[in-house]
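The lines below spell out each chain.
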Amino acid sequence: MSSLPLGKSTLSLPLTQRRRWKPARLQPGLILAWLVMATVILWAIAPGLFTDYSGTEGIAGAQRLAPQAGHWLGTDQLGRDVYARIVYGASHSLSGALVAVALGLVFGTALGLAAGASGGLVDAIVMRINDVLLSIPGLLLSLSVIILLGFGTVHAAIAVGVTSVANFARLARAEVVLVRHSDYVEAAYGSGGSFLSILWRHILPNSLTSVIAFSALQFGSAILAISTLSFLGYGTPPPTPEWGLLIAEGRNYISTAWWLTTFPGVVVVLVVLSANRISQSLRRRTR
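Just so it is clear, the structure is predicted and the values come from calculations on it, not from any experiment. (Residues numbered from 1 in each chain as written. Predicted model: local features only at pLDDT ≥ 70, side-chain atom pairs only at ≥ 80, totals over all residues. Heavy atoms only, no water.)

**Q** Describe in detail empty space enclosed by the protein, supporting the description with residues and values.
**A** To locate leftover empty space, one rolls a probe as large as a water molecule over the atoms. One pass over the structure, following the stated rule, counts one cavity of 30 Å³ or more. In this structure, the largest cavity is lined by Asp 76, Gln 77, Val 82, Arg 85, Leu 246, Glu 249, Gly 250, Leu 260 and Pro 264. Broken down by secondary-structure element, the contributors of at least two residues to the lining of the largest cavity are helix 3 (82–118), helix 9 (243–250) and helix 10 (259–285). For the lining of the largest cavity, the element with the most residues is helix 9, which contributes three residues. In terms of residue class, the lining of the largest cavity is made up of four nonpolar, two polar and three charged. (1 Å grid on protein atoms, 1.4 Å probe; cavity = no way out; pocket = protein on both sides within 12 Å on 5 of 7 lines; lining within 4 Å. Points joined across faces, edges and corners; volume = space filled by probe spheres on them. Helix = DSSP H or I, 4+ residues; strand = E, 2+ residues; numbered from the N terminus. Nonpolar A, V, L, I, M, F, W, Y, C, P; charged D, E, K, R; others polar.)

Next up, the structure:
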């Protein structure tokens, strides 16, 4: 039996009722993506549960050992266990990505909300500034911010977050414009509702579904961007086991110790692909 009232169609319902989560089918790829993300999050929360080795201290006489029983992913040039460094590096990479996504989500959504809800001159000014930000290559903008703030994980995360503000603002503005012209918002205005109350109770909640799904996609992109900055030497300084730094430190030994760059690189790729897969699932379930 349908749960809709008689004489009404789904198109006449507000977006809060139409945009419900659709039941998801069992998808092996999605399950694998969640398992990868869950594992990496557990690495970041409690790395000591997954390895007995230190992420920064080496073992005497164990330099550049190939993957073996005692060291699953081998050791680096200082005798440090590669698997342990990857596990301990999860907290630095994930926390940096989380800061970057949060920065882009908060400021980008605020700008998009202001532009889409106000319209007119405010919309034109905000979107022109947004177009300027989008015209600047992300890596160049990130490097410019880091030069101003200095090196480090937090500064790299802020730099990546600044580059994502424009993308969040554009998406949020499009969603706000779509919701603002819906029938139930017009009815709320006709009933005497104030601009701020309608903005808070109707426009903002119904505009966040696509933005939140996009934030999952940006999470993977932020990890890749922060790893790139660390690889170039603008991120976390040694001996911190950040994933991009691990790849950078092992590139000089690629011909003799391939595992130093291969395994950290595989982890970064898996996390980015998993975040993209989860983002796609969220977007499909909100349509």
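This is not the end of the story, as more comes after the structure.
**Q** I'd like to hear about the nonpolar core, residue by residue, with values.
**A** With 46 residues, the main nonpolar core has Val 40, Trp 43, Ile 86, Phe 219, Ile 223, Trp 243 and Val 271 as its most contacted residues. Breaking this core down by element, the ones donating at least two residues are helix 2 (28–45), helix 3, helix 5 (138–149), helix 6 (153–180), helix 8 (195–231), helix 9 and helix 10. Sequence-distant contacts of Ile 223, defined by excluding residues within four places in its chain, comprise Ser 93, Leu 94, Ala 97, Trp 243 and Val 271. Core analysis: the next-biggest nonpolar cluster, separate from the first, contains seven residues, Ala 117, Val 179, Leu 199 and Ile 203 among them. (Core = buried A, V, L, I, M, F, W, Y, C linked by side-chain atoms within 4.5 Å. Buried < 20%, exposed > 50% of the residue type's maximum accessible area, 1.4 Å probe, protein only. Contact = heavy atoms within 4.5 Å.)

**Q** I'd love a proper account of unusual backbone geometry, names of residues and values included.
**A** Residues Pro 238 and Pro 239 are joined by a peptide bond in cis, for which omega reads 5°. One non-glycine residue, Arg 64, lies in the positive phi region at around 50°. The topology assignment puts Arg 64 in the loop between helix 2 and helix 3.

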